[in-house]
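Each chain, letter by letter, is given below.
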Amino acid sequence: MGQSKELDPKLRNRITGLATRAARAALALGDLDTATKNAWIVRCAELLEASKAEILEANRLDQEEALSKELPAPLVNRLSLADDKWDHMIAGLHDVAALRDPVGEVTDSHLRPNGLRVARMRIPLGVIAMIYESRPNVTVDAAALCIKAGNAVILRGGSEAFHSNQALAKVLRQAARETGVPEDAIAVVDTTDRAAIDILLELNREIDLLIPRGGPGLIRKVMENSTIPVICHDEGICHIFIDASADTKMATEIVLDSKLRQLAVCNALETLLVHRDASERVLPQVLKALHEEGVEIRGDRATCDVFSEARPANDLDWATEYLDKILAVRVVDDLDSAIAHIREFGSDHTEIIITNDHANGVAWQRRVNSSTVGINCSTAFADGFRLGLGAEIGISTSKLHAFGPMGLEGLTTQKFILTGEGQLRE
């Protein structure tokens with residue numbers, strides 16, 4: 001971080017001031033009752049709907065600039081707030097308002113032999129900073145979850161979504177003023193200068209947790225330079241394993257939904273593994289259905305043997321998050337081989353087995369240690385909303401503190417609370 005000493009002092013003061021105000025706001029926010037926090041969330045939804053035309057115009061400007069800069073198609077697709085994305089964003093706010101507030105919840109209460117009662121209470125983390133790319137809806141989702149969990153939030157979106165994020169921030173902060181929530185508890189960095197990230201990474205006195213969401217370059221930069229504890233939302237190299245006993249129709253439907261439901265998302269299927277005993281019975285139909293939907297198949301030799309339209313794959317394909325109509329396919333000898341492949345090439349995101357063998361399903365869930373592990377279902381269920389968490393702040397691929405889709409509880413920690421009657425330590 002030595003390079004940060006040469007950063008523009010005005011920018012440093014600006015970002016440090018923003019974080020200092022957020023830290024002060026977090027202290028006040030932690031004392032707010034649930035009703036006030038929920039009132040802010042509901043008012044956000046109302047004001048967003050009232051400002052929809054203005055926000056979508058800012059979003060259109062971001063998309064036009066992205067196209068003019070010839071940004072990759074998946075990145076441009078992630079920028080849109082239109083149609084169902086808008087509806088999901090608003091619905092997510094109402095879902096979060098309806099969720100139980102974890103702050104103040106007391107758990108694990110027990111009585112010690114000396115009569116001292118020991119319990120744990122959920123408390124906010126403090127100030128959470130998010131650095132993320134594309135997806136301006138993250139601005140709203142993250143703010144709602146952080147505020148409901150009693151945390152101030154500093155949001156630094158990508159330059160490609162700058163206009164959208166500023167328009168959204170204006171509404172979120174207005175709702176705070178109107179409902180008694182500290183306005184500085186919702187801070188959106190108002191510059192595209194990448195040096196702002198370098199400054200944020202140093203502010204360990206003001207910021208309690210850093211969450212990066214984006215490509216490998218962003219994640220690597222944050223992990224290598226942050227002085228703040230980090231929870232990563234890393235790339236999603238998600239796998240499905242078609243076991244020997246898999247039903248062909250079920251396998252086809254699950255693979256198609258996992259790959260094609262939405263391409264530019266981290267829970268989309270990227271690598272399909274197939275038991276050798278299912279390669280001739282199940283695989284041809286699955287690949288035919290994918291091919292008819294325009295998916296390019298990159299397979300190992302066994303895959304190419306059973307499906308002539310497949311292109312030969314290489315080791316890079318097994319470790320690539322395509323976010324596109326491309327799928328890597330590999331035939332493996334057995335369950336052990338499938339798990340070994342995931343351990344070598346996976347990103348600890350989401351892994352599904354399609355099987356009619358109960359023992360293999362149980363072994364899969366026990367031995368595969370990604371953040372979401374399932375039997376006979378789509379990878380698309382690796383999502384906070386689908387798992388009942390309301391909107392999510394991200395999907396953690398870090399095993400410490402939170403793992404998988406992060407909802408309200410993932411944005412809190414626990415303190416010990418003691419209740420005695422004059423006990424002294426002997």
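Cut-offs and rules
- Residues numbered from 1 in each chain as written.
- Predicted model: local features only at pLDDT ≥ 70, side-chain atom pairs only at ≥ 80, totals over all residues.
- Heavy atoms only, no water.
- Helix = DSSP H or I, 4+ residues; strand = E, 2+ residues; numbered from the N terminus.
- Rg over C-alpha atoms; globule rule 2.2 N^0.38 Å.
- Buried < 20%, exposed > 50% of the residue type's maximum accessible area, 1.4 Å probe, protein only.
- Contact = heavy atoms within 4.5 Å.
- Areas by Shrake-Rupley, 256 points an atom, 1.4 Å probe, with all protein chains shown as cover.
- Lys, Arg positive; Asp, Glu negative; His and termini not counted.
- Charge placed at Lys NZ, Arg CZ, Asp CG, Glu CD.
- Axes fitted to C-alpha atoms, helices over the stretch in contact; angles between N-to-C directions.
- Parallel < 35°, antiparallel > 145°, perpendicular 65-115°, else oblique.
- Left-handed = near helix turned anticlockwise from the far one by under 90°.
- Nonpolar A, V, L, I, M, F, W, Y, C, P; charged D, E, K, R; others polar.
- Pairing = 2+ DSSP bridges.
- Core = buried A, V, L, I, M, F, W, Y, C linked by side-chain atoms within 4.5 Å.
- 1 Å grid on protein atoms, 1.4 Å probe; cavity = no way out; pocket = protein on both sides within 12 Å on 5 of 7 lines; lining within 4 Å.
- Points joined across faces, edges and corners; volume = space filled by probe spheres on them.

Enquirer: Report on the overall build of the protein, specifying residues and quantitative values.
Expert: Across its full length, the protein carries 15 helices and 16 strands. For 426 residues, the compact-globule formula gives about 22 Å, and the C-alpha radius of gyration of the protein, at 23 Å, lands near that figure. Summarising its shape, the C-alpha atoms of the protein cover approximately 70 × 65 × 45 Å along the three principal directions. Buried positions account for 52% of the 426 residues belonging to the protein. Contacts in the protein between residues at least 24 apart in sequence constitute 73% of all its contacts with a sequence separation of at least 6. Summed over its atoms, the accessible surface of the protein is roughly 19000 Å², and 48% of this surface lies on carbon and sulfur atoms. Here the protein contributes 47 positively and 63 negatively charged side chains, and the mean placements of these two sets differ by 5 Å.

Enquirer: Hey, could you go over the packing of helix α2 (residues 34-50) against helix α7 (residues 162-179) for me, with residue numbers and the actual values?
Expert: As a packed pair, α2 and α7 sit with axes 9 Å apart at the nearest point and diverge in direction by 135°. Considered as vectors, α2 and α7 are oriented oblique to each other. Like other packed secondary-structure pairs, α2 and α7 cross with a definite hand, here right-handed. Within the contact between the two elements, α2 uses T36, A39, W40, R43, C44, L47 and L48 and α7 uses L168, V171, L172, Q174, A175, A176, E178 and T179. A breakdown of the residues in the contact of α2 with α7 according to their chemical character gives ten nonpolar, three polar and two charged.

Enquirer: Report on the sheet that holds strand β2 (residues 117-124), specifying residues and quantitative values.
Expert: As summarised here, the arrangement of the three strands in space is β1-β2-β16, forming an open sheet in which the pairing is antiparallel. Because the sheet does not close on itself, it has two edges, and the strands there are β1 (106-111) and β16 (412-419). When the angles between neighbouring strand axes are averaged without regard to direction, this sheet yields 20°. Bridging between β1 and β2 involves four bridges; their strand directions are antiparallel. Residue T107 lies in a different strand from β2, and its bridge partner there is R120.

Enquirer: I'd love a proper account of the nonpolar core, names of residues and values included.
Expert: Ranked by size, the top nonpolar core spans 76 residues in total, and within it W40, L48, I154 and I393 carry the most contacts. Each residue touching W40, except ones within four places of it in the same chain, is listed here: A143, A144, I147, L172, A175, A176, T179, V181 and I186. The next biggest cluster of nonpolar side chains, apart from the first, holds 25 residues, and it includes A246, V286, L287 and V329.

Enquirer: Describe the pairing of strand β8 (residues 269-275), listing the residues and the values that go with them.
Expert: Burial analysis of β8 places seven of its seven residues in the buried class, the great majority of the element. Sheet topology places β8 next to strand β11 (residues 326-332); five bridges connect them, and they run parallel. If you follow L272 over to β11, its bridge partner there is V329.

Enquirer: Describe in detail the layout of surface pockets, supporting the description with residues and values.
Expert: If you roll a probe as big as a water molecule over the atoms, it shows you where there is empty space left. Approximately 1200 Å³ is the volume found for the largest pocket. Elements supplying a minimum of two residues to the lining of the largest pocket: α4 (73-79), α5 (84-98) and α6 (137-148). Here the residues of the lining of the largest pocket are counted per class, giving 16 nonpolar, ten polar and 14 charged. Each pocket or cavity is described by its volume, and for the second largest pocket that value is around 290 Å³. Looking at the lining of the second largest pocket, the elements that each hand over two or more residues are β3 (127-132) and α9 (216-225). Looking at which element gives the most residues to the lining of the second largest pocket, the answer is α9, with three residues. Split by residue class, the lining of the second largest pocket holds four nonpolar, four polar and five charged.

Enquirer: Tell me about the sheet that holds strand β6 (residues 209-213), and please be specific about residues and values.
Expert: Spatially, four strands are ordered β5-β4-β3-β6 in an open sheet, and the strand pairing comes out parallel. Strands at the two margins of the open sheet, each flanked by one partner only, are β5 (186-188) and β6. Between one strand and the next, the sheet's axes are offset by a mean angle of 15°, whatever the strand orientation. Lying on the sheet, helix α1 (residues 9-29) is in contact with β3, β4 (152-156) and β5; it crosses β4 at an angle near 150°. Its contacts with the sheet place α7 against β3 and β5, and it is angled at close to 160° to β5.

Enquirer: Describe unusual backbone geometry, listing the residues and the values that go with them.
Expert: Positive phi values are uncommon outside glycine, yet R135 reaches one of about 30°. Its place among the elements puts R135 in the loop between β3 and α6. Even without a glycine there, the phi angle at L323 is positive, about 55°. One can find L323 in the loop between α13 (315-318) and β11. For L323, a relative accessible area of 13% translates into the label buried.

Enquirer: So what's going on with the packing of α2 against α5? Which residues, and what values?
Expert: As a packed pair, α2 and α5 sit with axes 8 Å apart at the nearest point and diverge in direction by 160°. Between α2 and α5, the angle falls in the class roughly antiparallel. The way α2 lies across α5 gives a crossing that is left-handed. When α2 is examined against α5, the residues N38, I41, V42, C44, A45, L48 and E49 are found in contact with a partner set consisting of W86, M89, I90, L93, H94, V96 and A97.

Enquirer: Residue-level account of empty space enclosed by the protein, with values.
Expert: Considering all chains together, one arrives at one cavity of 30 Å³ or more under this definition. Counted as a void, the largest cavity has a volume near 50 Å³. What lines the largest cavity is simply R156, G157, G158, S159, F162, N165, Q166, V188, V189, T191 and T192. Per-element accounting of the lining of the largest cavity gives the leading share, three residues, to α7. Looking at the lining of the largest cavity residue by residue, the class counts come to three nonpolar, seven polar and one charged.

That is the geometry; function is a separate question.
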